[in-house]
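What follows is the residue order along each chain.
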Amino acid sequence: MFPLNIRIGFFLAVRALRRASLWTTGLIIFVMVLTFLNLVVISGILVGLLQGAVDAVRTEYTSDVIVSTLSDKSYIENSPNIIAIAASLPDVEGLTARYAEASRLEAGYQTRKASDKPNIANAYVIGIDPREEDAVTGIAADIIEGEFLAPGDYDKIVLGNYLLDQYIPIDTPGLATLDNVGVGSKIRVHVGDVTREVTVKGILKSKVDEIALRAFMVDSQFRSIIGRNDGNVDEIAIKVEEGVDPRDVRDALLLRGVGEEAKVQTFEDAQPQAFKDIIATFNMLGAMFSSIGLVVASITIFIVIFVNALTRRKFIGILKGIGINGRAIEISYVFQSIFYAVIGSAVGLALVYGFLVPYFVANPIDFPFSDGILVAPLEQTFFRVGLLVTSTIIAGYIPAWMIIRKNTLDSILGRN
Amino acid sequence: MIEVRNLKKTFVNGEIETPVLKGIDLKVADGEFIAIMGRSGAGKSTLLYQMSLLDEPTAGEILVDERYAHSMSESEKVQFRLSEFGYVFQDYALLPELTALENVALPLLMKGLGKMLSYHQARAALEKVGVGHRPNNLPSQLSGGEQQRVSIARAIAHNPKILFADEPTANLDNESSHAVLEIFRELHRKGQTIIMVTHEEEFATEAGKIVRIDDGRIVSVEADR
């Protein structure tokens, strides 16, 4: 009997939908599309705000795997060996080795009087091979003034934008910045007892602190400034081949004993805990907003189906009167609800994956600390489609059931 | 075939009780054409609803094919209405979003007949009542008379044992009313049992038996007319 009820329910639903007012159907589907977008886009933007930051750190700083100095060492011992091991792994596309040393940058010393406040900033100066660094992180593209370093550069430095007063939007207590410094300015780099006068070749702008608060020099010269000639570096950022899981490369390095001499982390391992907590919090917030959206959609469908069933109560009574099973009539309303939810979700899916996701990839939202994208993983999206369809089915079934269970003759005669 | 014994129906609204049927006894044999007449509020439609299992009497018994109606579950009654009864209502009671053909085919589909067979039977029923040329029209695209014919087609397509008609001509003009009555006459001639409520003397004379009701009681039965 049940399949017959489904058959009849489908028969009635198809005809009710086919001959329904286009405006009404369009409006209901529009509500479903908005609900779907509310479910997917709000949380997607919230998570994407952080994901943009995560992606930027991965792209510009850690790359896929980062090998760094152990906490009780001043650099990575046996670095040349580790670099050779990493470079020999088949899944590694490229790597960049960095020297890092806490330094003091000084500007305006040429004209400064003894009573003037010194124009200084503290920063890590990073010694890099410009070609390898750019090949792995592509930071040359972040240059907003001047040029990026070239392999033969000598006494040239590139500064992160947060080291310069003109690029700090607010006065941050405790953060000293260089005033009146631009491309071509001469500044001093103090590393330990060594002081070197260099020319600013370019300025990098990034939302990643590890880039914006750093200064970059060519490694061959920087090695001599810090007096390290054994080839030991402080960081090695490794880019893996497309489609390779960074954890596999991390594990391969650990298997070869790299872990005894350096910290080996994937970009995810290297994320600060606070970052992970914020992502979890935003996910939770997204879920909360989505839940509200889901309740609103359910109530909308409930009202639509209730009003529909109420105005059609006489016809529901007639159907029951001529022997149509009440279950078949209920199923017809369930089918109508499914239709609204599925079409609404399909339009929403097309909008999200056909337009919004590519749009935000091409035009990220310019948040102060990240370039926000829209994060909409397929499995999560389909889970939400499932949620929407399920809640819509329930919201459509209940009012239909309420009207259908009323006395048949009362329904036919319009009696209460 | 259908028998009512001491049938009573009282409507209750809060503390107000309104007895509408006050003890009706009636037997309808196979193939009879009965007209139930009476003034407005006499209880004729209420009697029809009880006999056709659309409503529950307050007291008394209804036997259909020697089965007691009160012993049937709701789903059994639905099934009984589907397979044994046919209904023609005063306001046609067609589903507005279904075409004439679909309206007639629906009960057949509900009986489990295949789509081809249902539509075939539905088409034959429409032909029988003279609207076979407009199967794909929606009710809103048909005149009142045509809608009532479609309604009759729906009621007879599955060859019911009893055809119940509640004021089938009340909303129709004279020409359409006569056409509907002609269909009833033809159906009766072929052996269809018909129980019809009407307040129009002219149409009641078509029936083989007239049952007159007043104040919830049968006041006369004019048989073998």
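Note that the structure is predicted; figures quoted are calculated from it, not measured.

Colleague: Sorry if this is basic, but what is going on with the packing of aromatic side chains here?
Modeller: Geometry of an aromatic ring pair is reported as the spacing of the ring centres plus the angle between the planes. In the structure shown here, the tally under the stated rule is eleven aromatic pairs over all chains. Relative to Tyr340 of chain A, the ring of Phe339 of chain A lies with its centre 5.9 Å away and its plane at 65°, an arrangement referred to as edge-to-face. Owing to a relative accessible area of 29%, Phe339 of chain A belongs among the partly exposed residues under this scheme. The class of Tyr340 of chain A is buried, set by a relative accessible area of 4%. A centroid spacing of 6.4 Å and a plane angle of 65° characterise the contact between Phe33 of chain B and Phe184 of chain B, whose relative ring orientation is edge-to-face. Of this pair, Phe33 of chain B sits in strand β3 (residues 33-37) while Phe184 of chain B is found in helix α6 (residues 174-189), placing the two residues 151 residues apart along the sequence. Phe184 of chain B gets classed as buried once you look at its relative accessible area, which sits at 0%. Stacked on the ring of Trp401 of chain A, the Lys or Arg Arg405 of chain A has its end atom at 4.6 Å from the ring centre. In this structure, Lys115 of chain B packs its charged tip against the face of Tyr119 of chain B, placed 5.7 Å from the ring centre.

Colleague: What am I meant to see in the packing of helix α2 (residues 22-62) of chain A against helix α4 (residues 130-137) of chain A here?
Modeller: A pair of packed helices is characterised by two quantities: the angle between their axes and the separation of those axes. All names here are of chain A. The N-to-C vectors of α2 and α4 enclose an angle of 160°; their axes lie 7 Å apart at closest approach. On the basis of the axis angle, α2 is roughly antiparallel to α4. Where α2 approaches α4, its residues Thr59, Glu60 and Tyr61 are matched on the opposing element by Glu133, Val136 and Thr137. In the contact of α2 with α4, the residues fall into two nonpolar, two polar and two charged.

Colleague: Could you clarify how one ought to interpret the interface of chain A and chain B in this entry?
Modeller: Buried accessible area, meaning the area lost when the parts come together, often serves as the stated size of an interface. Taken together, the contact pairs 27 residues of chain A with 31 residues of chain B. Among the residues of chain A in contact with chain B, Arg19, Ile322 and Leu409 of chain A are the three that bury the most area, contributing 23% of the side total. Remark: the boundary between chain A and chain B carries four salt bridges. Glu102 of chain B is paired through a salt bridge with Arg15 of chain A; the nearest N and O atoms lie 2.9 Å apart. Put simply, chain A and chain B have eight residue pairs in polar contact (both at pLDDT 80 or more) between them. Counting residues per element, the ones that place at least two in the side of chain A that touches chain B are α1 (2-18), α9 (313-321) and α12 (408-413) of chain A. Ranked by the residues each element gives to the side of chain A that touches chain B, the list is headed by α1 of chain A, at eight residues.

Colleague: What's the story with empty space enclosed by the protein in this structure? I'm lost.
Modeller: Vacant regions in the atomic arrangement are exposed by a probe of water-molecule size rolled over the atoms. Scanning the entire structure with this criterion turns up two cavities of 30 Å³ or more. The calculated volume of the largest cavity comes to roughly 80 Å³. Looking at the largest cavity, the residues that line it are Leu12, Ala13, Ala16, Arg312, Ile316, Leu319, Ile329, Ser332, Tyr333 and Gln336 of chain A together with Leu95 and Glu97 of chain B. Among the secondary structure elements, those contributing two or more residues to the lining of the largest cavity are α1, α9 and α10 (326-362) of chain A.

Colleague: Hey, could you run me through the side chain of Thr35 of chain A in this one?
Modeller: Residues and elements named next belong to chain A. Along the polypeptide, Thr35 turns up in helix α2. For Thr35, a relative accessible area of 7% gives the class buried. Only 2.7 Å separates the side chain of Thr35 from the backbone oxygen of Val31, close enough to count as a polar contact. Ignoring any residue separated from it by four or fewer positions in sequence, one finds Thr35 in contact with Gly293, Ala297 and Leu388.

Colleague: Even after reading the chapter, I still don't get the domain arrangement of chain A, so can you show me in this structure?
Modeller: If you check the domain split of chain A, you get domain 1 (2-57 + 274-413) and domain 2 (64-266). Placing the centre of domain 1 of chain A and that of domain 2 of chain A at their C-alpha centroids yields a distance of 51 Å.

Colleague: Teacher, can you tell me more about a nonpolar patch on the surface here?
Modeller: Residue and element names in this part refer to chain A. A cluster of nonpolar side chains, contributed by Ile343, Val347, Leu351, Phe355 and Tyr359, occupies part of the molecular surface with about 400 Å² of accessible area. Note that Tyr359 resides in helix α10. You can call Tyr359 partly exposed: its relative accessible area is 40%.

Colleague: Would you explain the pairing of strand β6 (residues 186-191) of chain A in this entry?
Modeller: On a regular strand, one side chain projects to one face of the sheet and the next to the other, so that they alternate. All names here are of chain A. Where strand β2 (residues 92-107) meets β6, three bridges bridge the pair, whose relative direction is antiparallel. Bridge pairing in β6 links Leu105 to Val189. Across six bridges, the pairing between β6 and strand β7 (residues 194-204) is antiparallel. Paired with Val191 across the bridge in β7 is Val194. In this antiparallel pair of consecutive strands, β6 and β7, the connection spans two residues, and Gly192 shows a positive phi of 60°.

Colleague: Help me understand unusual backbone geometry, please; the structure alone is not making it clear to me.
Modeller: When glycine is set aside, most residues are seen to have a negative phi, and most peptide bonds are trans. Residue Asn78 of chain A is not a glycine yet carries a positive backbone phi of 60°. Here Asn78 of chain A is to be found in the loop between β1 (65-68) and α3 (79-88). Positive phi values are uncommon outside glycine, yet Glu66 of chain B reaches one of about 65°. Residue position: Glu66 of chain B is located in the loop between β4 (59-64) and β5 (67-68).

Cut-offs and rules
Residues numbered from 1 in each chain as written. Chains lettered and ligands numbered in written order. Predicted model: local features only at pLDDT ≥ 70, side-chain atom pairs only at ≥ 80, totals over all residues. Heavy atoms only, no water. Phe/Tyr/Trp six-rings, centres within 6.5 Å; stacked < 30°, edge-to-face > 60°. Buried < 20%, exposed > 50% of the residue type's maximum accessible area, 1.4 Å probe, protein only. Helix = DSSP H or I, 4+ residues; strand = E, 2+ residues; numbered from the N terminus. Lys NZ or Arg CZ within 6 Å of the ring centre and 35° of its normal. Axes fitted to C-alpha atoms, helices over the stretch in contact; angles between N-to-C directions. Parallel < 35°, antiparallel > 145°, perpendicular 65-115°, else oblique. Contact = heavy atoms within 4.5 Å. Nonpolar A, V, L, I, M, F, W, Y, C, P; charged D, E, K, R; others polar. Buried area = accessible area lost by both parts, 1.4 Å probe. Salt bridge = Lys/Arg side-chain N within 4 Å of Asp/Glu carboxyl O. Polar contact = N/O pair within 3.5 Å; in protein donor to acceptor, adjacent residues only side chain to side chain. 1 Å grid on protein atoms, 1.4 Å probe; cavity = no way out; pocket = protein on both sides within 12 Å on 5 of 7 lines; lining within 4 Å. Points joined across faces, edges and corners; volume = space filled by probe spheres on them. Domains from an automatic or database assignment. Patch = residues over 30% accessible without salt bridge, like charges linked within 9 Å, V, L, I, M, F, W, Y side chains within 5 Å. Areas by Shrake-Rupley, 256 points an atom, 1.4 Å probe, with all protein chains shown as cover. Pairing = 2+ DSSP bridges.

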